[in-house]
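Observations on the three-dimensional arrangement
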2 protein chains.
Amino acid sequence: MAAEQLTVALDANGADAGPAVVARGAALAAAGGEIRVLVFGPAAEIAAAPGVEVADAPVSIAKAADPARAVRSTPEASIVQAVRAVAGGRADAVVSGGSTGAALAAGLFHVKRARGVHRPALAVLVPVPGRPFLLLDCGANVEVRPEHLVQFAHMGAAFMESVIGIARPRVALLSNGTEPTKGTEDVQAAHAALVAAGRADDEAAAKRRRGPRPGEDRGRALAFIGNVEGFAVGTGEADVIVTDGFTGNVLLKVMEGTAETLLRAVREAAMSSPRAKAGGLLLKPALGGLRDAIDPEAQGGAFLLGLRRLGVVPHGSFGAQGIARAIELAARGVRADVAGRTHERLAAAGALRKRSGERSDDERAARGRQDPARDGSPSAPAATVPDP
Amino acid sequence: MAAEQLTVALDANGADAGPAVVARGAALAAAGGEIRVLVFGPAAEIAAAPGVEVADAPVSIAKAADPARAVRSTPEASIVQAVRAVAGGRADAVVSGGSTGAALAAGLFHVKRARGVHRPALAVLVPVPGRPFLLLDCGANVEVRPEHLVQFAHMGAAFMESVIGIARPRVALLSNGTEPTKGTEDVQAAHAALVAAGRADDEAAAKRRRGPRPGEDRGRALAFIGNVEGFAVGTGEADVIVTDGFTGNVLLKVMEGTAETLLRAVREAAMSSPRAKAGGLLLKPALGGLRDAIDPEAQGGAFLLGLRRLGVVPHGSFGAQGIARAIELAARGVRADVAGRTHERLAAAGALRKRSGERSDDERAARGRQDPARDGSPSAPAATVPDP
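All of these numbers come straight from a predicted model, not from anything done at the bench. (Residues numbered from 1 in each chain as written. Chains lettered and ligands numbered in written order. Predicted model: local features only at pLDDT ≥ 70, side-chain atom pairs only at ≥ 80, totals over all residues.)

In this section: the overall build of chain A. The secondary structure content of chain A amounts to 12 helices and 11 strands. For chain A, with 388 residues in total, the buried portion stands at 58%. Relative to all contacts within chain A whose residues are 6 or more apart in sequence, the contacts with residues 24 or more apart total 69%. (Helix = DSSP H or I, 4+ residues; strand = E, 2+ residues; numbered from the N terminus. Buried ≥ 20, exposed ≤ 12 C-beta atoms within 10 Å, placed from the backbone. Contact = placed C-beta atoms within 7 Å.)

So, in structure tokens, the structure goes:
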């Protein structure tokens with residue numbers, strides 16, 4: 001069955017491999033005929049391909065030290081044009097070539113936050129073999145309040161339901177112990193709010209179960225399984241792990257650093273004696289499969305959730321295949337209506353931001369904190385985001 | 001050359017393997033004749049051994065939900081007696097059988113913080129093959145202020161110098177990016193303070209280098225190499241990685257979870273075909289060496305730094321060998337005068353807490369934060385600590 005054609009806007013600048021390779025990814029993604037790709041980049045470097053339209057946009061702000069300022073001052077930048085194509089309705093989702101910070105800043109300025117969302121979050125589907133999980137936030141917000149973590153929980157659950165097809169995603173909060181009393185004050189407060197949200201949803205779902213569409217209702221309840229510790233990256237106990245952007249960013253990079261170190265050590269062990277060398281050669285094909293399974297490129301990158309449209313930020317190191325996968329994922333997210341389902345879930349859970357933002361301001365004042373990413377305005381994120 | 005005999009107080013309760021196994025670890029450590037072990041545990045379960053003195057203390061608070069309260073209300077508990085043996089001068093250092101929270105609480109109540117130290121920290125020597133690093137804090141303080149992080153940096157450097165013998169340990173601050181502007185406000189402030197500390201130390205060291213003892217002076221400068229990201233767990237770029245106890249705890253467990261998942265996947269790959277099986281068998285001895293290299297038991301556990309005496313907290317899962325190693329490490333720390341050298345370094349850097357604690361109180365008030373572990377009093381830590 002042929003799906004309706006969607007358009008994905010692609011910023012071809014910023015990736016390590018250069019615009020030509022990124023554009024090859026666009027050609028791959030468009031080859032099936034279900035996705036049209038609008039590429040913003042240096043036209044001279046980009047080969048023509050069926051289903052790919054190129055808009056000449058050679059200016060890149062991918063390396064700008066202050067992405068928010070760069071977005072404001074450089075309307076001709078490729079990422080700004082790509083995001084504006086989405087904002088203006090010419091494309092359904094945006095894929096950035098490499099700079100997460102610029103994509104996030106441009107998204108906040110031009111696509112805007114979804115109604116009632118405090119902060120967009122960067123979500124990564126972590127490719128643990130047989131036990132993938134969605135981690136958010138991975139770096140969009142280095143400091144968060146409990147209500148942000150609660151929203152992230154709903155956003156992550158909506159994503160896993162609609163894009164990955166998990167009926168009742170198990171959502172966990174990352175802490176330094178499983179007990180509700182573990183973690184910072186904010187984590188403890190988020191835990192309590194999530195327990196309450198799970199209960200409220202369960203009650204609503206139970207009521208609705210007596211109504212006409214039990215299956216659909218059930219999918220809306222938040223299955224909060226409580227706190228998990230860092231071990232959970234390998235146990236498969238949670239489908240969604242919620243944390244602040246500082247910890248999430250550290251977690252992701254620690255996983256990558258540990259995996260690289262171990263695989264290097266395995267390689268070295270396989271060179272340590274003639275016997276080990278023979279074993280390593282025999283084992284190599286099977287280990288190759290493992291490398292593919294944990295390859296971040298196969299996942300397509302990080303999802304920018306909580307804006308009015310979906311964004312996908314591939315890893316800066318991706319080649320054409322990874323970019324193609326990112327474009328396909330963005331299209332899949334649009335077809336699954338991630339944005340709409342996230343909003344529906346937040347509304348049902350009463351987790352949308354209060355209209356005037358009074359409560360947030362009060363809380364901010366009470367904590368005496370400076371908060372550069374003000375809730376009421378489409379300003380820059382608290383920190384720019386490195387590639388996850 | 002025979003060193004002077006030292007006495008280590010050991011709490012035999014709380015470890016998964018039980019008091020008899022912990023006591024066997026004491027016997028192993030005492031067998032060399034350089035360490036005397038004072039074991040506090042259920043005398044009926046503990047075998048006599050040369051160099052081991054047993055004090056009957058069957059009461060355990062290792063599983064207490066509120067370790068601080070348990071320490072206050074249970075003076076007969078084995079950990080309280082072991083810590084008091086150190087406080088009273090009957091032993092030089094304490095090794096806890098299993099519960100970090102109880103050891104920390106008892107240490108704060110009875111041994112007390114070292115003069116000028118804001119908060120004790122839990123430090124773990126992470127056994128990355130060929131690239132070990134000291135991580136602190138691993139869970140003693142889930143919320144920290146910039147001046148705490150600065151002290152942790154000096155404490156970690158003093159430890160690596162005196163116990164591990166690294167002349168000029170490279171100290172890094174964990175963040176979500178290498179730039180000084182990355183991280184939370186507190187991390188950014190700590191970064192700035194550490195840069196200043198490094199500079200001040202360098203100037204002082206340069207001045208002193210023209211004096212009579214250049215080697216000794218040089219060892220006191222803080223070699224702050226800036227921020228590192230999570231990748232640094234595998235790169236060997238830092239000898240000491242400083243972070244808050246929440247992030248440190250997550251980091252350690254993510255490393256463990258990732259390593260277990262990968263080694264399990266390697267085992268599964270080695271069972272996936274007859275060819276792979278043959279390879280796996282040939283490679284097994286070499287991979288066994290890798291398993292030993294990353295075995296946390298070989299490291300002896302976590303160090304409790306910043307009290308007037310050294311404490312070592314083995315992993316709850318350790319057997320007799322791991323306990324013996326913990327006792328030996330505690331003795332090594334005492335001989336290297338970790339406590340004295342930490343204080344010397346903090347004093348030289350001007351990083352000791354101001355006497356009246358005014359500045360801390362001011363800052364706390366300014367931030368509107370509740371702070372259960374008040375600096376001026378030997379109260380309980382902000383959170384109890386799971387086994388790292």
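For the rest of this paragraph, the subject is the sheet that holds strand β10 (residues 302–305) of chain B. Residue and element names in this part refer to chain B. Reading across from one edge, β3-β2-β1-β4-β11-β10-β5-β6-β9-β7-β8 is the order of the 11 strands in this open sheet, with mixed pairing throughout. Looking along the sheet, the strands with just one partner apiece sit at the ends: β3 (52–56) and β8 (223–228). Geometrically, the sheet is characterised by an average inter-axis angle of 25 degrees between neighbouring strands, direction not taken into account. Alignment of strand β4 (residues 93–95) against strand β11 (residues 310–313), held across three bridges, turns out to be parallel. If you follow Val95 over to β11, its bridge partner there is Val312. Those strands touched by helix α3 (residues 78–87) are β1 (6–11), β2 (35–41), β3 and β4, and its axis lies near 160 degrees from that of β1. (Pairing = 2+ DSSP bridges. Axes fitted to C-alpha atoms, helices over the stretch in contact; angles between N-to-C directions.)

A few words now on the interface of chain A and chain B. Every contact between the two is made by 58 residues of chain A and, on the other side, 58 residues of chain B. Looking at the side of chain A that touches chain B, the elements that each hand over two or more residues are α8 (245–269), α9 (274–293) and α12 (358–367) of chain A. Here the side of chain A that touches chain B takes 20 residues from α8 of chain A, the largest share from any one element. For the side of chain A that touches chain B, the class distribution of residues is 30 nonpolar, 20 polar and eight charged. (Nonpolar A, V, L, I, M, F, W, Y, C, P; charged D, E, K, R; others polar.)

Right, let's talk about the packing of helix α1 (residues 19–30) of chain A against helix α10 (residues 320–335) of chain A for a bit. Packed helix pairs are specified by the crossing angle of their axes together with the interaxial distance, meaning the distance between the axes. All names here are of chain A. Contact geometry of α1 with α10 gives a least axis separation of 7 Å together with a crossing angle of 50 degrees. One finds that α1 runs oblique with respect to α10. The handedness of the crossing between α1 and α10 comes out as right-handed. In this structure, α1 uses Val21, Val22, Arg24, Gly25, Ala26, Leu28 and Ala29 to contact α10, whose residues at the interface are Ala320, Gly322, Ile323, Ala324, Ile327 and Glu328. Here the contact of α1 with α10 is built from residues that sort into nine nonpolar, two polar and two charged. (Parallel < 35°, antiparallel > 145°, perpendicular 65-115°, else oblique. Left-handed = near helix turned anticlockwise from the far one by under 90°.)

Glancing now at the relation of the copies chain A and chain B. Expressed as a screw operation, the relation of chain A to chain B combines 0.0 Å of axial shift with a rotation of 180 degrees, fitting to an RMSD of 0.0 Å. In short, the pair behaves as if placed about a two-fold rotation axis. Proximity to the rotation axis, assessed at the C-alpha, singles out Gly279 of chain A in chain A; its C-alpha lies 1.9 Å from the axis. The share of interface residues of chain A whose copies in chain B are also at the interface is 100%, consistent with both copies meeting through the same surface. (Least-squares fit on C-alpha atoms with pLDDT ≥ 70 in both.)

This brings us to unusual backbone geometry. Residues and elements named next belong to chain A. With omega at 5 degrees, the peptide bond leading from Leu136 into Asp137 counts as cis. Here Asp137 shows up in the loop between β6 (133–136) and α5 (146–164). Located in the positive-phi region is Asp337, a residue other than glycine, with phi close to 55 degrees. Here Asp337 shows up in the loop between α10 and α11 (338–348). On the basis of neighbour counts, which here come to 15 C-beta atoms within 10 Å, the residue Asp337 falls in the partly exposed class.

Before going further, it helps to examine helix α3 (residues 78–87) of chain A. Residues and elements named next belong to chain A. α3 sits mainly inside the fold: nine of its 10 residues count as buried. When α3 is considered as a whole, its buried residues turn out to be Ser78, Ile79, Val80, Gln81, Ala82, Val83, Ala85, Val86 and Ala87. Along its buried surface, α3 packs onto β1 (6–11), β2 (35–41), β3 (52–56), α2 (67–73), β4 (93–95) and α4 (100–111). Immediately beyond the C-terminal end of α3, within one or two residues, lies Gly89, with a positive phi of roughly 90 degrees.

All names here are of chain B. Tracing the chain through its elements places Ser162 in helix α5 (residues 146–164). Ser162 gets classed as buried once you count the C-beta atoms within 10 Å, which come to 22. Between the C-alpha atoms of Ser162 and Leu174, which are 12 residues apart in sequence, the distance is 23 Å.

What follows concerns the packing of α8 of chain A against helix α9 (residues 245–269) of chain B. In contact at an axis separation of 9 Å, α8 of chain A and α9 of chain B are set at 40 degrees when each is read in the N-to-C sense. What the angle tells us is that α8 of chain A and α9 of chain B run oblique. In the crossing of α8 of chain A with α9 of chain B, the sense of the turn from one axis to the other is right-handed. Facing Thr247, Val250, Leu251, Val254, Met255, Thr258, Ala259, Leu262 and Val266 of chain A of α8 of chain A, the residues of α9 of chain B in contact are Thr247, Val250, Leu251, Val254, Met255, Thr258, Ala259, Leu262 and Val266 of chain B. Class assignment of the residues belonging to the contact of α8 of chain A with α9 of chain B gives a composition of 14 nonpolar, four polar and no charged.

Close inspection of predicted coordinates is inappropriate in any region flagged by low pLDDT. All names here are of chain A. In the predicted model, chain A carries a mean pLDDT of 83, and 83% of its residues have values of at least 70. Mean pLDDT values over the elements of chain A span from 40, in α12, up to 98, in strand β9 (residues 240–242). Across residues 212–219 the pLDDT falls below 50, and counting only partners more than four positions away or on other chains, this stretch makes 10 contacts in the model. This stretch, residues 357–388, has a pLDDT under 50; its non-local contacts, to residues over four places away or in other chains, come to 64 contacts. Across the predicted assembly, pTM comes out at 0.85 and ipTM at 0.84. (pLDDT = per-residue confidence, 0-100.)

Residue and element names in this part refer to chain A. Strand order in the open sheet formed by 11 strands is β3-β2-β1-β4-β11-β10-β5-β6-β9-β7-β8, and the pairing between neighbours is mixed. The sheet is open, and its two edges are formed by β3 and β8 (223–228), each paired on a single side. On average, adjacent strands in this sheet sit at an angle of 25 degrees to one another, irrespective of strand direction. Sheet topology note: the β1/β2 ladder contains six bridges and is parallel. Bridge assignment links Asp11 to a residue of β2, and that residue is Phe40. Packed onto the sheet, α3 meets β1, β2, β3 and β4 and runs at close to 165 degrees relative to β1.

So, on to helix α11 (residues 320–335) of chain B. Over its 16 residues, α11 of chain B runs 23 Å from end to end, which matches the ideal 22 Å to within 8%, given 1.5 Å per residue. The buried fraction of α11 of chain B is high, at 13 of 16 residues. (Expected span 1.5 Å × (residues − 1).)

Turning next to the environment of Gly316 of chain B. Mapped onto the fold, Gly316 of chain B is located in the loop between β11 and α11. When the C-alpha atoms of Gly316 of chain B and Ala15 of chain B are compared, they prove to be 4.7 Å apart, with 301 residues separating the residues in sequence.

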